[in-house]
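# Coordinate inspection notes
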Amino acid sequence: MNEGIFREAGHEEDAAIRAVLADAFPDNPKSRPEMTAWQYWDNPFGGSRTVVYEDEGRVVAVYTGVPVPVLLGGRRDLAALGIDAAVARSHQGRRLFSPLSRALYDDLGRHGMTYTLAYPSTASYKGITRAGWKELARLRVNVLALSDEWMARRFHVPRLAARVGRAVAFRVSRRSVGERCEGVPSGVDELWERCAARDRESGVIRDAAWWAWRYARNPDRPYQYYETRSAGRLTGAAVTRKVDAFGGRFAYVLELLAADAAAARGLVGAVVDGAQVDGAAMVTLAGSAVDRLSRTAGFHRLPRRLEPHPQYFGVVPNALGAPDPTLLTWSVAWGDLDHL
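Here the structure is a predicted model, which means the values were calculated and not measured. The numbers attached to residues start from 1 for each chain and follow its sequence in the written order. Selection of residues for local features in this predicted model requires a pLDDT of at least 70, selection of side-chain atom pairs for listing and counting requires 80 or more, and totals for whole chains, interfaces and linings are taken over all residues. Heavy atoms throughout the structure, all of them, feed into the side-chain values; hydrogens and water do not.

### Quick word on the packing of aromatic side chains
To pair, rings of Phe, Tyr and Trp, with the six-membered ring standing in for Trp, must have centres within 6.5 Å; the planes then decide the type, stacked if under 30 degrees apart, edge-to-face if over 60, and tilted in the middle. Here the structure, examined in full by the defined rule, presents 19 aromatic pairs. Measuring from ring centre to ring centre gives 6.4 Å for Phe246 and Tyr252, while their planes differ by 50°; the resulting arrangement is tilted. Every member of this aromatic cluster is reached through a ring pair, and the members are Trp150, Phe155, Phe246, Phe250, Tyr252 and Trp334.

### Remarks on the packing of helix α5 (residues 148-155) against helix α6 (residues 159-169)
For helices, the fitted line uses only the C-alpha atoms of the stretch in contact; every axis is such a line through C-alpha atoms, and the angle between N-to-C directions lies from 0 to 180 degrees. For the purposes of this entry, the term helix denotes a DSSP run of H or I that reaches at least four residues, the term strand denotes a run of E that reaches at least two, and both are numbered from the N terminus. One can describe the packing of α5 onto α6 by two numbers: an axis separation of 8 Å at closest approach and a directional angle of 110°. Here α6 runs roughly perpendicular to α5, going by the angle between their axes. For the pair α5 and α6, the sense of crossing is right-handed. Across the interface between the two elements, Asp148, Glu149, Met151 and Ala152 of α5 pack against Arg159, Ala162, Arg163, Gly165 and Arg166 of α6. With respect to orientation, any angle under 35 degrees is reported as roughly parallel, any angle over 145 as roughly antiparallel, any angle of 65 to 115 as roughly perpendicular, and every other angle as oblique. Crossings are sorted by hand: turned counterclockwise from the far helix by less than a right angle, the near helix makes the crossing left-handed, and turned clockwise it makes it right-handed. Residue contacts follow a heavy-atom distance rule, with two residues in contact if any of their heavy atoms lie within 4.5 Å.

### A few points about the nonpolar core
Formed by 91 residues in total, the largest nonpolar core has its most connected members in Trp211 and Phe246. The element that contributes the greatest number of residues to this core is strand β11 (residues 248-258), accounting for 8 residues. Beyond its immediate sequence surroundings of up to four residues, Phe246 is in contact with Val141, Trp150, Arg154, Tyr252, Ala281, Leu302, Leu306, Pro308 and Trp334. In this text, buried Ala, Val, Leu, Ile, Met, Phe, Trp, Tyr and Cys residues form a nonpolar core when linked through side-chain atoms within 4.5 Å. Exposed residues in this analysis have more than 50% of their type's maximum accessible area, buried residues have under 20%, and partly exposed residues fall in between, with area computed by a 1.4 Å probe over protein chains only. Residues Leu96, Tyr105, Met113 and Ile128 belong to the second largest nonpolar core, which totals 21 residues.

### Remarks on the pairing of β11
Judged by how many residues are buried, β11 sits mostly within the fold: 10 of 11 residues are covered. Pairs of strands are assigned from DSSP output, requiring at least two bridges between the strands. With 10 bridges joining them, strand β10 (residues 233-245) and β11 adopt antiparallel strand pairing. By the bridge assignment, Val243 is partnered in β11 with Phe250. The antiparallel hairpin formed by β10 and β11 contains 2 residues in its connecting segment, where Phe246 sits at a positive phi of about 55°.

### Structural notes on a nonpolar patch on the surface
Each patch is built from residues that are more than 30% exposed by relative accessible area and take part in no salt bridge. Like charges join if they lie within 9 Å; nonpolar side chains (Val, Leu, Ile, Met, Phe, Trp, Tyr) join within 5 Å. In this description, accessible areas are obtained by the Shrake-Rupley approach with a 1.4 Å probe, and a residue is regarded as covered only by the protein chains that are shown. A pairing counts as a salt bridge when a side-chain nitrogen of Lys or Arg comes within 4 Å of a carboxyl oxygen of Asp or Glu. The grouping of Leu160, Val164 and Val168 at the surface amounts to a nonpolar patch, some 300 Å² of accessible area in total. Its place among the elements puts Val168 in helix α6. Classification of Val168 by relative accessible area gives exposed; the value is 56%.

### Some thoughts on the side chain of Ser331
Locating Ser331 in the fold gives a position in the segment after β14 (311-317). Judged by relative accessible area, which is 18%, Ser331 ranks as buried. The residues touching Ser331, leaving out its near neighbours within four places in the chain, are Glu201, Ser202, Gly203, Arg206, Leu285 and Asp336.

### Comments concerning the pattern of salt bridges
With the rule as written, the count across this model stands at 26 salt bridges. When the shortest N-O distance is used, the salt bridge between Glu8 and Arg110 registers 3.9 Å. Highlighted residues: Glu8 in strand β1 (residues 5-9) and Arg110 in helix α3 (residues 97-110), separated in sequence by 102 residues. Between Arg159 and Glu149 there is a salt bridge whose closest N-O contact spans 2.5 Å. Pair noted here: Arg159 is in helix α6 and Glu149 is in helix α5, with a separation of 10 residues, a long-range link. Each of Glu8, Arg49, Asp107 and Arg110 takes part in salt bridges that share partners, so that together they form one network.

### Quick word on the packing of helix α1 (residues 14-24) against helix α2 (residues 33-41)
Look at α1 against α2: their axes get within 11 Å of each other, and the N-to-C directions meet at 110°. Classed by the angle they form, the pair α1 and α2 counts as roughly perpendicular. When α1 is examined against α2, the residues Asp14, Ile17, Arg18 and Leu21 are found in contact with a partner set consisting of Pro33, Thr36, Tyr40 and Trp41. Among the residues making up the contact of α1 with α2, the classes are represented as 5 nonpolar, 1 polar and 2 charged. Each residue gets one label: Ala, Val, Leu, Ile, Met, Phe, Trp, Tyr, Cys and Pro are nonpolar, Asp, Glu, Lys and Arg are charged, and the others, such as Gly, are polar.

### Details of the environment of Trp330
You can see Trp330 is positioned in the segment after β14. Overall, the relative accessible area of 7% leaves Trp330 in the buried class. Not counting the four nearest positions on each side in its chain, Trp330 is found in contact with Leu72, Leu117, Leu136, Glu201, Ser202, Gly203, Leu285, Ser288, Phe313, Val315 and Pro325. Counted as a polar contact is a pair of N or O atoms within 3.5 Å, where, for protein atoms, one must be capable of donating a hydrogen and the other of accepting one, and residues adjacent in sequence contribute only when both atoms are in side chains. Within the local environment of Trp330, its side chain forms a polar contact with the backbone oxygen of Pro325, the two atoms lying 2.9 Å apart.

### Considerations on the pairing of strand β2 (residues 49-55)
Counting buried positions along β2 yields 6 of 7 residues, so the element is predominantly enclosed. By the bridge criterion, 5 bridges tie β1 to β2 in an arrangement that is antiparallel. Residue pairing in the sheet places Glu8 in a bridge with Val51 of β2.

Right, dumping it as structure tokens:
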């Protein structure tokens, strides 16, 4: 490790950064220049910060903090989303992750980002903890099963039993079905303010600026949008994308903003109506407002043994004197997790 140096890197080294991502994670979409341009360098919330490890003139490890607007105890602030920590295969096993992380978090603190929100994998859990990450919760997956075949296959029960179980456990209300729309629903700012005032939770500010950047400007645009309205006023908004997961085809619910339970049920009804998937799924923090809404709308907790891998949520205080993040009540949605 003493052979190389940790240093900051910017847009001019985009190709070198993407090369490390492609080497460490061959399926990472951010090996493409249009993806890093959108998420790193053209971020509307401020300049992304990247720290690299350079060995003999070659960048062999990278870690980036992307600025995101947050509420912290009711106060607006700027935090970083820690993403794309990667070490080239030639340098894996050299214990670069912890010092790389610490270098990034110190840099983010110097640039005004109080916390880094991070969702480490099992492989990086110990390293990021040594760098100052504080675990706040293990995220859970809520599912809404739509397929008898999937239920029978995943729970190892006869198809008839799966049909009966699904009919009893997974009910979707059809009283207030929302509608699919072509883009970000108009009125998201007002809806977000209503939900934030009601829930009083800390986390990413999910207003129109967030939706426009995180979803509408994604170069691949793999998302579907849904809304519910009452007297023309937006009462619910959701974003989904379809993926292969949990042994089937699922609609990931990345955002679920709902003014009330009826709006949540209407959104979910619209998501599953004609979706041609085995079910819908979303990540939540147990006891959070979105968790309660999802359960009201028909979702149930997926047993841990069926989850593909643990999903941890935690926060790094980037600067000395940052308030203890464990004292805040947090909210998380799947859209935060960088599943692009």
